[in-house]
Amino acid sequence: MKAFSELTEREVLAVAISGEEEDSRIYMSFAEDLAGRYPDSAKIFEEMAEQEKGHRHLLLEMYEQRFGPNLPPIRRGDVKGFLRRRPIWLTKNLSLDAIRKEAETMEFEAERFYAKAAEQATDVGVRKLLGDLAELEKGHESLAARLTDKILSPDVRAEEDKTRKRMFVLQYVQPGLAGLMDGSVSTLAPLFAAAFATHQNWQTFLVGLAASIGAGISMGFAEALSDDGSMTGRGSPWLRGGICGLMTTLGGLGHTMPYLVPDSWSNAFWIATAIAAVVVFFELWAIAYIRARYMDTPFMQAVFQIVLGGIIVLGVGIAIGAA
């Protein structure tokens, strides 16, 4: 993946063109999904989709004037710093508030992209176009934000509060939740495999400790290197990486700590294993709740993905250790 600062002016315009096309399709899918429930809101998303098409047309005209008709095969996914759009099939039947949040994030990212691209542009015409588009995208963000006020509630939310909440989720909740999920689930198999293979608490604790710290280091670096935060506003990559790595380690240590029960105790192994099982139960349900609360995932879907998946991983670890 290329860093944004490494893109040529031609590549910046190509990324912008493909981005506007993708966003237009996403808004049309929102409109189709809302048409039966909130027809007025659906019309707003249709209008936003048409405006994205207009932005693409302006960008394409500028590109053809400067570089000709051939677009280089580069998209947002090829550039560090962009959030990955969730697949269309995961945006079906979302609440109006969830769709509004998705649209706000999309427009906030687009605004930052155009502002950064305008700073980097050397051609006066390109710089002016990108600056104008940044302002237009900022207007889109305000338009999307008004959906809740118009349909769901008469109260007006302060723009600063909405931005702060969105950034809190992007900078802290997302990397922390990703780490907690990985640490809690991925360490289950090695920990319980070691437990049932040795029936020794101390050896099991050492395996869990190594698995937790190793997973934390791996997830921390992966998060830090995935997005430099320059366009998404997700903050320092090393802060996010630190949060992700710390939560990964804590997720694994939660069900590792019970194995500090001394082996000299009567039935020490079963006492530690019972405590660890209770910890795992609460960990998985807590993760499912956080996903439903902050990531707009239906609660039962979150339970199915996290709790059931965790139980399967736990069972695999026990089966391998007891073999």
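Residues numbered from 1 in each chain as written. Predicted model: local features only at pLDDT ≥ 70, side-chain atom pairs only at ≥ 80, totals over all residues. Heavy atoms only, no water.

Caption draft 1: The packing of aromatic side chains, seen in detail. Tallied over the entire structure, the rule returns 14 aromatic pairs. Ring centres of Phe30 and Phe45 lie 5.5 Å apart, and the angle between their planes is 70°; this geometry places the pair in the edge-to-face category. Within this pair, whereas Phe30 is found in helix 1 (residues 9-34), its partner Phe45 is found in helix 2 (residues 39-67), the two being separated by 15 residues in sequence. Assigned by exposure class, Phe30 and Phe45 land together as buried. An aromatic cluster is present here, built from Phe281, Phe282, Trp285 and Phe299 joined pairwise through their rings. (Phe/Tyr/Trp six-rings, centres within 6.5 Å; stacked < 30°, edge-to-face > 60°. Helix = DSSP H or I, 4+ residues; strand = E, 2+ residues; numbered from the N terminus. Buried < 20%, exposed > 50% of the residue type's maximum accessible area, 1.4 Å probe, protein only.)

Caption draft 2: Examining the pattern of salt bridges more closely. Applying the stated rule across the entire model yields 10 salt bridges. A salt bridge links Glu9 to Arg66; its shortest N-O distance comes to 2.5 Å. Highlighted residues: Glu9 in helix 1 and Arg66 in helix 2, separated in sequence by 57 residues. Residue classification places Glu9 among the buried residues on the basis of a relative accessible area of 16%. (Salt bridge = Lys/Arg side-chain N within 4 Å of Asp/Glu carboxyl O.)

Caption draft 3: The arrangement of the packing of helix 9 (residues 268-294) against helix 10 (residues 299-322) in detail. Direction vectors running N to C along helix 9 and helix 10 enclose 150°, while the axes themselves pass 8 Å from each other. Accordingly, the angle class assigned to the pair helix 9 and helix 10 is roughly antiparallel. Crossing angle aside, the handedness with which helix 9 passes helix 10 is right-handed. Here helix 9 contributes Leu284, Trp285, Ile287, Ala288, Tyr289, Arg291 and Ala292 to the contact with helix 10, which in turn contributes Phe299, Ala302, Val303, Gln305, Ile306, Val307, Gly310 and Ile311. Its residues assigned to classes, the contact of helix 9 with helix 10 shows 12 nonpolar, 2 polar and 1 charged. (Axes fitted to C-alpha atoms, helices over the stretch in contact; angles between N-to-C directions. Parallel < 35°, antiparallel > 145°, perpendicular 65-115°, else oblique. Left-handed = near helix turned anticlockwise from the far one by under 90°. Contact = heavy atoms within 4.5 Å. Nonpolar A, V, L, I, M, F, W, Y, C, P; charged D, E, K, R; others polar.)

Caption draft 4: How the structure looks around helix 3 (residues 96-120). Between its first and last C-alpha atoms helix 3 spans 36 Å; for 25 residues at 1.5 Å apiece the expected length is 36 Å, and the two agree. Summarising burial for helix 3: 19 of the 25 residues are buried, a large majority. (Expected span 1.5 Å × (residues − 1).)

Caption draft 5: Layout of the side chain of Arg76. Note on placement: Arg76 falls in the loop between helix 2 and helix 3. In this structure Arg76 comes out as buried when scored by relative accessible area, which is 11%. A polar contact is formed between the side chain of Arg76 and the side chain of Asp23, at a distance of 3.0 Å. (Polar contact = N/O pair within 3.5 Å; in protein donor to acceptor, adjacent residues only side chain to side chain.)

Caption draft 6: Structural context of the environment of Leu34. Looking at the secondary structure, you find Leu34 in helix 1. By relative accessible area, Leu34 is classed as buried at 0%. Taking the C-alpha atoms as reference points, Leu34 and Ile99, separated by 65 residues in sequence, lie 9.4 Å from one another. In contact with Leu34, other than residues within four places in its own chain, are Pro39, Ser41, Ala42, Phe45, Leu96 and Ile99.

Caption draft 7: Highlighting unusual backbone geometry. With a phi close to 55°, His199 is a non-glycine residue in the positive phi region. Relative to the assigned elements, His199 resides in the loop between helix 6 (188-198) and helix 7 (201-226). For His199, a relative accessible area of 36% corresponds to the partly exposed category.

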